[in-house]
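Residues per chain, in single letters:
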Amino acid sequence: MSLALEGIDVVIDGRPILDDVSLEVGTGERLALLGPSGSGKSTALRVTAGLQRPTAGRVVLDGADVTAIPPHRRGIGLVFQDAALFPHRDVAGNVGFGPRVAHLPHAQRDARVTQALELVGLAGMERRDVTTLSGGEAQRVALARALVLEPGVLLLDEPLGALDGPLRQRLQDDLRELFERLSLTVVHVTHDVGEAFALGDRVAVLRAGRVAQVATPEELWARPVDDWVARFLGMRNVVPDGDRANVIRPEAVRIVPGAGAVVVAADRDGPVVRLRVRRDDGRELEAVLVGGAVPRVGDRTAVEVDPAGLVEVEVWRGGAQEASDATSH
Amino acid sequence: MTLRNFPVVRLAVRIGRVGIAVYVAAVAVAAAGCGGGGSEPKDVVLVTHDSFAVSKPVKQAFERESGLELKILQGGDANEVLNRALLTAGDPQGDVVFGIDDSVLSRAIDGDLLDEYRSPELSALQPDFANPDAHVTPVDHGEVCLNVDRGWFASHDVPRPTTLDDLILDRYRNLLVVENPATSSPGLAFLLATVARYGDPGWETYWRALRANGVRVVDGWEEAYTQQFSGASGSPGKRPIVVSYASSPAAEVIFAATPPATAPTAAVEDGCYRQVEYAGVLRGAHNEDGARKLIDFMLSKRFQADVPGSMFVYPVRAGVPLPEPFVKHAIVPRDPLQLPAAAVDANRDRWVARWTDIVVR
Amino acid sequence: MDRHRRALSAAGRAAAVVLPVAFLAVFFAWPLGAILERSLLVDGRLDVPFDVLTDPTTRDVVWFTLWQATVSTTLTLAAGLPLAWALSRFRFPGRSVVEALVLVPFVLPTVVVATAFAALLPDGVERSVWAILLAHVFFNVAVVVRVVGAFWAGLDQRLWEAAATLGASPGDRRLRLTVPLLAPALASAASIVFLFCFTSFGVILILGGPRYATLETEIYNEAARLFDLRTAAALGLLQLAAVAAAVLVAGRLERRLGGARRRGDAARRPVGGERVAVGVVVLGSLALLALPPVALVLRSLQVGTGYGVDHFTSLVQETPALLVAPWHAVLNSLLFSAAATAIALAVGIPAAVAVASGRRGLDVALMLPLGASAALLGFGFLLAFDDPPLDLRSSPAIVPLAQALVALPFVVRSLVPALRAVDARLREAAAVLGATPAQVRREIELPLLARPLAVAAGLAFAVSLGEFGATVFVVRADWPTVPVAIFRFLGRPGEDNVGTAMALCVVLMALVAAVALASERALVRGRPR
């Protein structure tokens, strides 16, 4: 099922939340909706699900305008942040909720519940009380609950937001594998760049209620549309120059033996080390190194820049929304 | 198991349905109750006070003889019954009102809420009652009298009071409990008794003396008699003198677990105040004919003989025998105090307000 | 099909407002309007009784009414909170029995409680303002325990743990966490108790004696006894305005303080020192609550100078006090109360939904019947329901309607805070999964609200069972309820009559306790797991 938002405006209490947002998601495509908090990405999801009426614009599913159709008849799956499981029902009761309100026959319901739980790796958990589940399990139950009716479109609102560490990584891997296996059309909201890149075929960057850029992760990384997007993606080598800004992607900055710069910071994140060096002319650059032997803070070194990693972008003059608000973890 | 199998949910759904069913039923009952506007009425409605009572066989006798169902609406004391009747004058709640006493009689007549009716049975009444105002028919009379706890006076070796004057003597200090005339019918009767005896404003002096002698005032007869008066069986009360009725000692015998040979209490004949209770046909009654039949019935031998046992008041019909306990344990005061209805009506509010200033404030 | 469904759900939403509004309009506003018109319209012109309102006597009455209601409410909260705490936070043997017993005082007819108190209190205290305050506490403690307890049980225990790790002492936690979190339920309970005390009638008359007058007793006096409708109407409007103001303030408090996230029933077994605290609170409260009922039970068994069950056996015998044998009154009471509870729930559930979704005007309107003088409203009934199709003046159907009017605020009050606390995302999650608004209500809200619903039903039933002031005004003599029968028996001299009245009191107490216990049990069985 394909999905399109066309010129969506949402105004709540006189405040514009979404401003002329248009997005297209093809059948089987996965779109990540990336943006800092307050950018309107959850509202866009709620509009899609039918939980929020847009002030203007249309929601189109497979070519049909569903803007006026209430959520319970849209056939869209939604996984909430924090799962939002029904506390008075056990796991099977939660997962089987959709089939039940759709009045499916008993046997069919049970089969679907079993199947959905298997899909999310919770086979045999039917009778568990949902208040005793771990965060990851709860999120999987929420996912099974959303998938059990085989929705045409699956919406996920920060599904990994409440999780941490290996658990987060594992669920992320499982989700990707699941989406591919089921060929689902997915819209997935996150403020985490890594999550967006990992789960989205394309990424839409939302800023202050407007779409800043839509592109594949590779394109986005290679050619951010402006300095704000570059910073939001985690790039630090952004130097404004009048109407334009120069961006050097960190992997294009090479650290070679010599002089002309000093290491001022070295932060290891697994196999990757982010280095910050200050050139003698006062300019700071960020570089990314891989491996064990890396310079330490205070070391003198030389810096080379691969011209392929140099991008010239526009300067965003939109105002209030700071790219540094919610940069990636 | 689906949610709808949950008892609570099922219960709530069912309750909702019952609720709606009740609505429909209520409206249907209401509609049916008055749908037949033009047809012959099948019931007669009596509006009366809390103390009204009739034994079941007597009620059934009326229903059998008249072919009418007798519906009884009761609430409040005589005064409240009258006020409700005044409120709905011309569009009454029922057909007959019963329980109007002397203290409110002139208001009832002036309020234009009753149709005139002279029952053929009037001729059978005792001479005192045989010539009432044309709007009302006397049905019974009660006598508000002081009651004393015989046992208390015997064991404390104090003579029982025999007159109103006695009550202000020092030896009866803190022994008397009375009802508030503002809120109680016997309370008002007792105030009227003192007005009848000592005159206006002589009664004020008497009540000042009563107050100085420790009279206790309570809101109603129930509280005074069953809670404050030591003579009522099972009462936790500590005061051996109370304002009640001439018939109360008989009730103590009739309703005792094992009826004693002599009543534990006695009525004081002096200072009794007579209250005559009247019935009348309400103006605008749906069933005027039934109303007249009911009033005739209330004067019949059968109803009159039932009056002492049911309401603990005395019949107005001549030659109706009293039940045996009444003969043995109760008194019928020979010369009760009474004030003209018009005088009562003209002064009642002022007296009660004055009494409140003197005794309560 | 779709259009048909949408029309239905729109009709459902409309019904949530229309049903309660229509009920109030017909059974409250209309009769009240009728009596006010009769009282204040003179030759078609409005006669505004300003003189009554500025009278110094009125001022004194208003002051005393306010004063006693405020003090009574404070004392009731203080007395009820420890028990609400023990019952909502802990599981212990007999918890449901205690919860049921707490309801008992609430349904006892005023005359019975006042009588029991008069018998218990020492001579000097008996007829004082203290007696009034004590009786009010005794009556209303159930409201605090039930309304606050149901809410308390749903609060997230982790909040206290978090506060503890943040260095908050137990006292701090109570002051800075418990009180603010409970505030919506506290405001709710306090507003009900305040209204009850503000409009208190029987307790004031019997325990206060003639010296104390509240607005309610004055209105009754002016209307029913002195037939001064103009003064009565003026005082009635004053009382209604005061009640409306109190409701508005309470509603604002409740909303501003908001609802805390609920996480199911968090009760657990008490440990260590808690055991002592819970024990002291429960046993102490029970002892105090049990004192008057025990006195009644003893009195009902007292036959002559000994003891026996004679008064109970006489319940099946014909009596001159009633047109039917007393046990009929028990049947009538159950029937009327069940119908009244059903009506109160049928009107109250949609009303609570409407109130919780922001219709504040309805909230105030629903509370107003508590503030209207029973005497005035009763007079209004006589004036209004005199024509077909609503000629209810001599119909038994009017009894449950009148009782439902009194019970309605309790239903709404116990449901609204819980409804507001239901996580909006659960409703959305259900909607996205294909549940229609009606299904959301039935499958999500109703089960989540099972406990508050049971509280509401229990309260409504209890209130209807014990209701006297309105019932006695409209009930027919051949259809007496238990409180009306008690009143009739107490109004007659003789040991048998008093004894039968006491036996009926005991039956009434047992009935309420049984109903409360049963609804509690059904609830426990209804839970998943």
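Here the structure is a predicted model, which is why all the values come from computation and not from measurement. (Residues numbered from 1 in each chain as written. Chains lettered and ligands numbered in written order. Predicted model: local features only at pLDDT ≥ 70, side-chain atom pairs only at ≥ 80, totals over all residues.)

Draft legend 1. Main features of the overall build of chain C. Helix and strand counts for chain C come out as 24 helices and four strands. Of all 529 residues assigned to chain C, the portion counted as buried reaches 56%. Put simply, of all contacts in chain C between residues at least 6 apart along the chain, 83% involve residues at least 24 apart. (Helix = DSSP H or I, 4+ residues; strand = E, 2+ residues; numbered from the N terminus. Buried ≥ 20, exposed ≤ 12 C-beta atoms within 10 Å, placed from the backbone. Contact = placed C-beta atoms within 7 Å.)

Draft legend 2. Highlighting the sheet that holds strand β12 (residues 244–248) of chain A. All names here are of chain A. Taken together, three strands build an open sheet; the order of strands is β11-β12-β17 and the sheet is antiparallel. Two strands close off the open sheet at either side, each with one partner strand: β11 (238–241) and β17 (310–314). Within the sheet, the average angular offset between the axes of one strand and its neighbour, ignoring direction, is 25°. (Pairing = 2+ DSSP bridges. Axes fitted to C-alpha atoms, helices over the stretch in contact; angles between N-to-C directions.)

Draft legend 3. Local environment of the nonpolar core. Core analysis: the largest hydrophobic core is formed by 383 residues, its most contacted members being Val-148 and Ala-460 of chain C. Residues in contact with Val-148 of chain C, not counting those within four places in the same chain, are Gly-80, Leu-81, Ala-84, Leu-182, Ala-185, Leu-186 and Ala-189 of chain C. (Core = buried A, V, L, I, M, F, W, Y, C linked by C-beta atoms within 7 Å.)

Draft legend 4. A look at the pairing of strand β6 (residues 76–79) of chain A. All names here are of chain A. Residues of β6 alternate between two faces, with Ile-76 and Leu-78 on one and Gly-77 and Val-79 on the opposite face, all of them buried. Sheet topology places β6 next to strand β7 (residues 153–157); four bridges connect them, and they run parallel. Following the sheet pairing, Gly-77 is matched in β7 by Leu-154.

Draft legend 5. Structural view of the interface of chain C and chain A. Across the boundary between the two partners, chain C contributes 21 residues, which contact 22 residues of chain A. Elements that contribute at least two residues to the side of chain C that touches chain A include exactly α19 (424–432) and α20 (437–448) of chain C. Broken down by element, the residue count for the side of chain C that touches chain A peaks at seven residues, all from α19 of chain C. A class-by-class count of the residues in the side of chain C that touches chain A yields 11 nonpolar, four polar and six charged. (Nonpolar A, V, L, I, M, F, W, Y, C, P; charged D, E, K, R; others polar.)

Draft legend 6. Seen up close, the packing of helix α16 (residues 360–371) of chain C against helix α18 (residues 398–421) of chain C. Residues and elements named next belong to chain C. Viewed as axis vectors pointing N to C, α16 and α18 meet at an angle of 135°, and their least axial separation amounts to 8 Å. Here α18 runs oblique to α16, going by the angle between their axes. Considering the relative orientation of α16 and α18, their crossing is left-handed. Along the contact surface, α16 presents Leu-366, Met-367, Pro-369 and Leu-370, while α18 presents Leu-405, Val-406, Leu-408, Pro-409 and Val-412. Across the contact of α16 with α18, the residue classes break down as nine nonpolar, no polar and no charged. (Parallel < 35°, antiparallel > 145°, perpendicular 65-115°, else oblique. Left-handed = near helix turned anticlockwise from the far one by under 90°.)

Draft legend 7. Here's a closer look at the confidence of the model for chain C. Residues and elements named next belong to chain C. When pLDDT is averaged along chain C, the result is 80, and 87% of the positions lie at 70 or above. At the low end of the mean pLDDT range in chain C sits helix α6 (residues 123–126), at 58; at the high end sits helix α3 (residues 56–89), at 91. This model gives residues 259–264 a pLDDT under 50, and the stretch forms 18 contacts once residues within four places in sequence are excluded. Every residue in residues 525–529 scores below 50 in pLDDT, and together they form 10 contacts with partners more than four places removed in sequence or on other chains. Model confidence for the complex: the whole-complex pTM is 0.72, and ipTM, which rates the interface, is 0.82. (pLDDT = per-residue confidence, 0-100.)

Draft legend 8. Spatial organisation of helix α21 (residues 450–466) of chain C. Here α21 of chain C contains 17 residues, and its C-alpha end-to-end distance of 24 Å stays within 8% of the 24 Å for a straight helix at 1.5 Å per residue. Within α21 of chain C, 17 of the 17 residues are buried, leaving the element largely enclosed by the surrounding structure. (Expected span 1.5 Å × (residues − 1).)

Draft legend 9. Representation of the environment of Ala-265 of chain A. Residues and elements named next belong to chain A. With respect to the helices and strands, Ala-265 occurs in strand β13 (residues 253–269). Residue classification places Ala-265 among the exposed positions, given that 12 C-beta atoms sit within 10 Å. Ala-265 sits 13 residues away from Arg-278 along the chain, and the two C-alpha atoms are 9.5 Å apart.

Draft legend 10. Representation of the packing of helix α4 (residues 95–107) of chain C against helix α7 (residues 129–153) of chain C within the structure. All names here are of chain C. Interhelical geometry of α4 versus α7 gives an angle of 135° and a closest axis separation of 7 Å. With respect to their mutual orientation, α4 and α7 come out oblique. Judged by the sense of rotation from one axis to the other, the crossing of α4 with α7 is left-handed. Residues Val-102, Leu-103, Pro-105 and Phe-106 of α4 form the contact with α7, whose participating residues are Phe-138, Phe-139, Val-141, Ala-142 and Val-145. Of the residues assigned to the contact of α4 with α7, the class counts are nine nonpolar, no polar and no charged.

Draft legend 11. Fine view of the environment of Val-130 of chain A. Residues and elements named next belong to chain A. Take Val-130: it is sitting in the loop between α4 (106–119) and α5 (135–147). For Val-130, a count of 22 C-beta atoms within 10 Å puts it in the buried group. Each C-alpha atom, one on Val-130 and one on Gly-40, is 30 Å from the other, the two residues being 90 residues apart in sequence. Other than its neighbours up to four places away in sequence, Val-130 contacts Leu-85, Pro-87, Arg-89, Asp-90, Val-91, Asn-94, Ala-138 and Val-141.

Draft legend 12. Fine view of the pairing of β13 of chain A. Residue and element names in this part refer to chain A. Here β13 runs beside strand β16 (residues 300–305); their pairing, made up of six bridges, is antiparallel. Bridged to Ile-255 within β16 is Val-303. Pairing of β13 with strand β14 (residues 272–279), which is carried by eight bridges, proceeds in the antiparallel orientation. Its bridge partner being in β14, Ala-266 is matched across the sheet by Leu-275. Count of turn residues in the β13/β14 antiparallel hairpin: two residues, of which Gly-270 carries a positive phi of about 65°.

Draft legend 13. Quick look at the sheet that holds strand β15 (residues 284–290) of chain A. Residues and elements named next belong to chain A. Ordered by their spatial adjacency, four strands build an open sheet running β15-β14-β13-β16, and the pairing between neighbours is antiparallel. A strand with exactly one partner marks an edge of an open sheet, and here the two such strands are β15 and β16. Neighbour-to-neighbour, the strand axes of this sheet turn through a mean angle of 55°, independent of strand direction. The pairing of β14 with β15 spans seven bridges and is antiparallel. In the sheet register, Arg-274 faces β15, and the bridge partner there is Val-288.

Draft legend 14. Region of the structure containing helix α3 (residues 78–87) of chain B. A large share of α3 of chain B lies buried, amounting to nine of its 10 residues. Within α3 of chain B, burial applies to Ala-78, Asn-79, Glu-80, Val-81, Leu-82, Asn-83, Arg-84, Ala-85 and Leu-87 of chain B.

Draft legend 15. Representation of unusual backbone geometry in the model. Geometrically, the link from Asp-200 of chain B to Pro-201 of chain B is a cis peptide bond, its omega value of 10° lying close to zero. Structurally, Pro-201 of chain B is set in the loop between α6 (185–198) and α7 (202–212). Backbone geometry places His-103 of chain A, a non-glycine residue, at a positive phi of 60°. Positionally, His-103 of chain A belongs in the loop between α3 (97–101) and α4. A residue is classified by how many C-beta atoms lie within 10 Å of it, and His-103 of chain A, with 8 of them, is exposed.

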